[in-house]
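# Observations on the model geometry
So the chains spell out like this:
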Amino acid sequence: MSAVRHVMSVTVRDRPGVLVRIASLFARRGFNIESLSVAQSEEPGISRTTFVVTGEDATLEQVQKQLQKLIDVIKVIDHSQAKSIDRELMLIKVAVQSPEARVEIRQIAQDFRARIVDVARHALVFEVTGDEGKMNAFIEQMRDFGIIELIRTGRVALPRGESDAQRLPSVRSRAA
Amino acid sequence: MNGAEALLKALERQGVDLVFGHPGGAILPVYDALYDSPIKHVLVRHEQAGAHAADAYYRASGRVGVCFATSGPGATNLVTGLATAQMDSSAVVAVTGNVASSLIGTDAFQEADVYGITGPVTKHNYLIKNVEDIPRVVAEAFHIAATGRPGPVLIDVPKDIQQAEFRGSFEVEIDLPGYRPTVVGHARQVRKAAEAIRAAERPVMMVGGGGQVASEEVLAFARKTGIPVITTLMGIGAFPAGERQALGMPGMHGTVTANRAITHCDLILGAGLRFDDRVTGKISRFAPNATVVHIDIDPAEISKLVKAHVPVVGDLRDVLPRLGEELEPLAIDAWWEQIEAWKGMYPERYKKDKPLVSQEVIQLLREASGGDVVVTTEVGQHQMFAARLFPTTRPRSFITSGGLGTMGFGLPAAVGAAFARHDETVVCVAGDGSVQMNIQELATVYKHQLPIVIAILNNGVLGMVRQWQEMFSAERYSEIYLADSNPDFAKLAEAYGIESYNIFDRETARELVPQALARKKPVLLNFFVYEAEKVFPMIPAGAGVDEMMLGDQEPDEVTADGPEVTA
Ligand SMILES: Cc1ncc(C[n+]2csc(CCOP(=O)(O)OP(=O)(O)O)c2C)c(N)n1
Ligand SMILES: [Mg+2]
């Protein structure tokens, strides 16, 4: 058995403690959380979270069912099963050691459609969005120049096309 | 009206008329309101006992059990009780006081993160932040506790919320978009299940704790189809013990017949059970030839441990009648012949050359009561003997900590059961170790003069641990000896005002058991039983259901493998 990576969207009610419950479920089944993003959905009071987790494939379905059982969890989607798009945002501060380097860095950034969001004498901060591959490629390119620090949001994901697998009717009407 | 009064009113509206609890500083406003409330309060002497009593109250009656505790130590004392209820799917609503909202998170006196601590041992929990939320939270708590797969729900109420002026409404809407248990089984799955059962030559039905609410449906289904029925520890009474179709309990200390049937069957119809490891033994050796049809209201239980070929998510009360309708009586005579042969070959047996042994005490209790009592148990050898020799014929009448195996459950459970089933006698089958874990409840038993017969099978040891040490640790008995420092239980009970007897031989036992059962008031019987008795059959941990050690269940003339299966 091997550890496999999964991108999972968990739609939750905005209640204190719900993330703790989700996190402890993953932990109990030996899943490691690589990244986690949480924010409001289109429906007030409801948040979408995206977890990137690694763990045994065999226990994933169990974990999914256990998550679904939590009272404040409304929906669970495993994006490895569904056709989905996912994106991530990164802020990365790169050292600028010479005027030549500055030109070269900016050139590469352009190729990656990375935006400059801060300029200093010896550093540039870029904002990069895209999928994980793009993030990693950009990081690789910047390594030679010197990465001062970087932060990533973790992935967010949504099913493709017209699928409304994640759509939420209003909370009140569902309770009726 | 303040928050505390609103809380009690909300409980009343849920039909609550009885609460088990223990007061303290952070729940004082609730206790003050209780002073004028029609709700009756039973003062337990330890919060754990309050939780167990509430749990057993549900199990014995089907009505949600309620318990109160104060903040900090009061609330942490509930944890074992909540975990016990959670593991055995018992509907409990626990209310805890907490320090004032402004003090939460400051390590205030008697503050504990009760919301955080109890999350993993409850079906759901709440920390009330706004006094107007009380009615909705109480309504949701009862709804969550009692529907779907039942379980405990905790409501933590800070003291300032209890004291705050309440101006809200009691007409509340439950607002739980993430909680919609599937009750009605999918028609296609029911049909598939029927097809599989029809095709089987050697089917067995296994009924678990879920069957306690569906005993009529279980009985009707079994009667119509003629299928053999195994009841797990949690399922005892969901199908009447002693019926021809009943094969008894499966698993680690199950009957030979039930375990043989599991090994040789070609279909298992699992109904309201979760295939616990004490039932399955080593999974790869569990029912190796069987198609598994699994009906459960909790989809997370299906294919968790035993792969279900035909899963049916739904309430047994919905699914079983529909499944029964699709089926004719099963033509399984050859299979029944085989099962009867096993039954005949492996009757319950035990040594009679000792002055008194556990099994005969339990059999005496069963005979004297006609099986028509509520039984609660502690945890250990006596529990397994009770499950095999004192299974009840009615549902909700055998109350034991199955999933968590909580020593200290039985005595407070007897209190809860006695309140749930007013005019019935409750027998608490206890061990000398376990009973000491909540012995203080003798006070509650005495105070309310509950018709409880506490039968201590006093073997002077932590018997179940001793058994494992004898069998698997080369008789290296480590810290299991109690006899040198056990109290004189009869004297102890007497100190609490409870009638009690020390019993050393079978003649006295025969005389006193029927008398005690007829008393309709508390009696403690302290039976001194043979110390080295072991529970057989036994499947060693990690072994397969087919690898039973028979011990004193060994038939005289037959090999351990039993006869060839002819079906
Ligand atoms: C709270 C708790 N602690 C420890 C155990 C482990 N345990 C299981 S059975 C047992 C022995 C129980 O002894 P007793 O109540 O005398 O029953 P007997 O087995 O002798 O019938 C122990 C210690 C447990 N189940 N629960
Ligand atoms: Mg003992």
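Placed above this text is the structure.
Attention in this report is confined to the structure presented alongside it. Predicted model, so just to flag it, every value in this text is computed and none were measured.

Residue and element names in this part refer to chain B. With parallel pairing, six strands are arranged side by side in an open sheet as β9-β8-β7-β10-β11-β12. Of all the strands in the sheet, just β9 (246-248) and β12 (310-313) have a single pairing partner and so form its edges. Geometrically, the sheet is characterised by an average inter-axis angle of 20° between neighbouring strands, direction not taken into account. Sheet topology note: the strand β10 (residues 267-271)/strand β11 (residues 291-296) ladder contains five bridges and is parallel. Bridge pairing in β11 places L267 opposite T291. Helix α12 (residues 316-325) rests against β7 (203-207), β10, β11 and β12 of the sheet, and its axis sits at about 135° to β11.

Our focus in this paragraph is the coordination of the magnesium ion (ligand 2). All names here are of chain B. The coordination sphere of the magnesium ion (ligand 2) contains the protein donors D432 (OD), N459 (OD1) and V461 (O), at a distance range of 2.1 Å. Sequence positions of the residues that donate to the magnesium ion (ligand 2) give the spacing D-x26-N-x1-V. Here D432, found in the loop between β15 (426-431) and α17 (442-447), pairs with V461, found in the loop between β16 (452-458) and α18 (463-472); they are 29 residues apart in sequence, far enough to count as distant. Take D432: its relative accessible area is 2%, and that puts it in the buried class.

Another aspect to go through is unusual backbone geometry. Residues and elements named next belong to chain B. F536 connects to P537 through a cis peptide bond whose omega is 0°. For E479, which is not glycine, the phi torsion reads 60° and is therefore positive. Structurally, the position occupied by E479 is in the loop between α18 and α19 (489-495). Relative accessible area serves as the criterion here: at 74%, E479 is assigned to the exposed category. One non-glycine residue with positive phi stands out, namely K520, at about 60°. Here K520 lies in the loop between α20 (506-518) and β18 (523-528). Note on K520: relative accessible area 47%, which makes it partly exposed.

Once that is clear, we can look at the packing of helix α1 (residues 18-28) of chain A against helix α2 (residues 57-69) of chain A. All names here are of chain A. Between α1 and α2, the shortest axis-to-axis distance is 10 Å and the interhelical angle comes to 155°. If you check the angle between α1 and α2, you find them roughly antiparallel. The handedness of the crossing between α1 and α2 comes out as right-handed. From α1, I22, L25 and F26 reach across to α2, where they touch V63, Q66 and L67. Counted by class, the contact of α1 with α2 contains five nonpolar, one polar and no charged residues.

It is worth spelling out the site of ligand 1 at this point. Residue and element names in this part refer to chain B. Taken together, the neighbourhood of ligand 1 is formed by 17 residues, with Q381, G405, D432, S434 and G463 sitting nearest. At 2.8 Å from a nitrogen atom of ligand 1 is found a main-chain nitrogen or oxygen belonging to G405. V461 places a polar main-chain atom, nitrogen or oxygen, 3.0 Å from an oxygen atom of ligand 1. For ligand 1, the accessible surface in isolation is 580 Å², of which the surrounding protein chains cover 76%. Elements with a contribution of two residues or more to the shell around ligand 1: α15 (381-389) and α18. Per element, the largest residue contribution to the shell around ligand 1 is three residues, and it comes from α18. Of the residues belonging to the shell around ligand 1, the class tally is seven nonpolar, nine polar and one charged.

Rules and cut-offs
Residues numbered from 1 in each chain as written. Chains lettered and ligands numbered in written order. Predicted model: local features only at pLDDT ≥ 70, side-chain atom pairs only at ≥ 80, totals over all residues. Heavy atoms only, no water. Pairing = 2+ DSSP bridges. Helix = DSSP H or I, 4+ residues; strand = E, 2+ residues; numbered from the N terminus. Axes fitted to C-alpha atoms, helices over the stretch in contact; angles between N-to-C directions. Contact = heavy atoms within 4.5 Å. Donors = N, O, S within 2.8 Å, 3.2 Å for Na, K, Ca; no water. Buried < 20%, exposed > 50% of the residue type's maximum accessible area, 1.4 Å probe, protein only. Parallel < 35°, antiparallel > 145°, perpendicular 65-115°, else oblique. Left-handed = near helix turned anticlockwise from the far one by under 90°. Nonpolar A, V, L, I, M, F, W, Y, C, P; charged D, E, K, R; others polar. Near = heavy atom within 4 Å. Polar contact = N/O pair within 3.5 Å; in protein donor to acceptor, adjacent residues only side chain to side chain. Areas by Shrake-Rupley, 256 points an atom, 1.4 Å probe, with all protein chains shown as cover.

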